[in-house]
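Observations on the three-dimensional arrangement
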Amino acid sequence: NAGVTQTPKFQVLKTGQSMTLQCAQDMNHEYMSWYRQDPGMGLRLIHYSVGAGITDQGEVPNGYNVSRSTTEDFPLRLLSAAPSQTSVYFCASSRLTGVTEAFFGQGTRLTVV
Amino acid sequence: KQEVTQIPAALSVPEGENLVLNCSFTDSAIYNLQWFRQDPGKGLTSLLLIQSSQREQTSGRLNASLDKSSGRSTLYIAASQPGDSATYLCAVDFGNEKLTFGTGTRLTIIP
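Report on the accompanying structure. Everything numeric in this text was worked out from a predicted model, so none of it was measured.

So, how was this worked out
Residues numbered from 1 in each chain as written. Chains lettered and ligands numbered in written order. Predicted model: local features only at pLDDT ≥ 70, side-chain atom pairs only at ≥ 80, totals over all residues. Heavy atoms only, no water. Helix = DSSP H or I, 4+ residues; strand = E, 2+ residues; numbered from the N terminus. Buried < 20%, exposed > 50% of the residue type's maximum accessible area, 1.4 Å probe, protein only. Contact = heavy atoms within 4.5 Å. Pairing = 2+ DSSP bridges. Axes fitted to C-alpha atoms, helices over the stretch in contact; angles between N-to-C directions. Salt bridge = Lys/Arg side-chain N within 4 Å of Asp/Glu carboxyl O. Core = buried A, V, L, I, M, F, W, Y, C linked by side-chain atoms within 4.5 Å.

**Details of the overall build of chain A**
- Within chain A, the secondary structure is distributed over zero helices and 11 strands.
- Going from the N terminus to the C terminus, chain A shows its helices and strands as β-β-β-β-β-β-β-β-β-β-β.
- Structurally, chain A occupies a C-alpha span of about 40 × 25 × 25 Å along its principal axes.
- Counting the 113 residues in chain A, one finds 49% classified as buried.

The following block contains the structure:
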């Protein structure tokens, strides 16, 4: 069982570069989301999606874009990387109704220099 | 504002002891509450999910309770082992399609 798969695991970017963090799940979950984790601040929601074609902003959306063209995939795009985006990024998925247990990927550690 | 708090931030316990981790939340109208474990440099592993209508859930040596009226959840770990050392995170779904996380309790089990 693959669960939630994130790539890459590590990435170093220069300020101003763009990149896409990939997230895929094989559990047919409707709900997918992206969080960033910073020391002392816990996990904060960036963007989320309740189904293909539907996305919405979370707590800290600035500087990030998402799209949801399929149920399985939910990529996160950094448009112009800034040092403040240095963080660990986690993708999660869950059912939207009933037992909505959330499952997380292993994370992407991003450093912007 | 809907918030989740975990105190203490760090806890050290001798091996074999039973222990309790605390989670408090500001709004009693929750949909569910989930406990996670995070090892250093790793992702989050789901431990237990408690639905709003439930009072507790058990998995092996772990027992999680939920008291919505007081805005509290506890994670009880029986007969602690060094392998239980990790950061434990509490997350609440307030019914707004988002999980709100506490900042976690870093648990160290001393052999």
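**What to know about the side chain of Gln85 of chain A**
- Mapped onto the secondary structure, Gln85 of chain A falls in the loop between β8 (76-78) and β9 (87-94).
- Those residues in contact with Gln85 of chain A that lie beyond four places of it in its chain are Arg36, Asn62, Gly63, Tyr64, Leu78, Ser80, Leu110 and Val112 of chain A.

**Details of the sheet that holds strand β3 (residues 19-25) of chain A**
Residue and element names in this part refer to chain A.
- The sheet built from four strands is open, its strands ordered β1-β3-β8-β7 with antiparallel pairing. Strands with a single pairing partner mark the edges of an open sheet, and in this sheet they are β1 (4-7) and β7 (64-66). In this sheet, neighbouring strand axes are inclined to one another by 20° on average, regardless of whether the strands run parallel or antiparallel.
- For β7 and β8, the ladder comprises three bridges, and the chain directions are antiparallel. By the bridge assignment for β8, Val66 is matched with Leu76.

**Concerning the pattern of salt bridges**
- Counted according to the given criterion, the structure contains four salt bridges over all chains.
- Between Arg44 of chain A and Asp38 of chain A there is a salt bridge, with its nearest N and O atoms 2.9 Å apart.
- On the basis of relative accessible area, Arg44 of chain A is assigned to the buried category, the value being 15%.
- One salt bridge in this structure joins Arg37 of chain B and Asp39 of chain B, with 3.0 Å as the shortest N-O distance.
- By relative accessible area, which is 26% here, Asp39 of chain B ends up partly exposed.
- Three or more residues are tied together by salt bridges with common partners; here these are Arg36, Asp38 and Arg44 of chain A.

**What about the sheet that holds strand β1 (residues 4-5) of chain B?**
All names here are of chain B.
- Spatially, the five strands line up as an open sheet ordered β1-β3-β8-β7-β6, and their pairing is antiparallel. Sheet topology places β1 and β6 (56-59) at the edges, where each strand pairs with a single neighbour.
- Bridge count for β1 against strand β3 (residues 19-25) is two bridges, and the pairing is antiparallel. Bridge pairing links Thr5 to Ser24 in β3.

**Things to note about the nonpolar core**
- In this structure, Phe25, Leu33, Trp35, Leu75, Ile77, Tyr88 and Val92 of chain B are the most contacted members of the largest nonpolar core, which totals 24 residues.
- Among the elements of the structure, β3, β4 (32-38), β5 (44-51), β7 (62-67), β8 (72-77), β9 (86-93) and β11 (105-110) of chain B are those that each provide at least two residues to this core.
- For Ile77 of chain B, the residues in contact, after removing those within four places along its chain, are Glu17, Asn18, Leu19, Leu21, Arg61, Leu62, Asp84, Tyr88 and Leu107 of chain B.
- Leu21, Met32, Leu78 and Tyr89 of chain A belong to the second-largest nonpolar core, a separate cluster that totals 19 residues.

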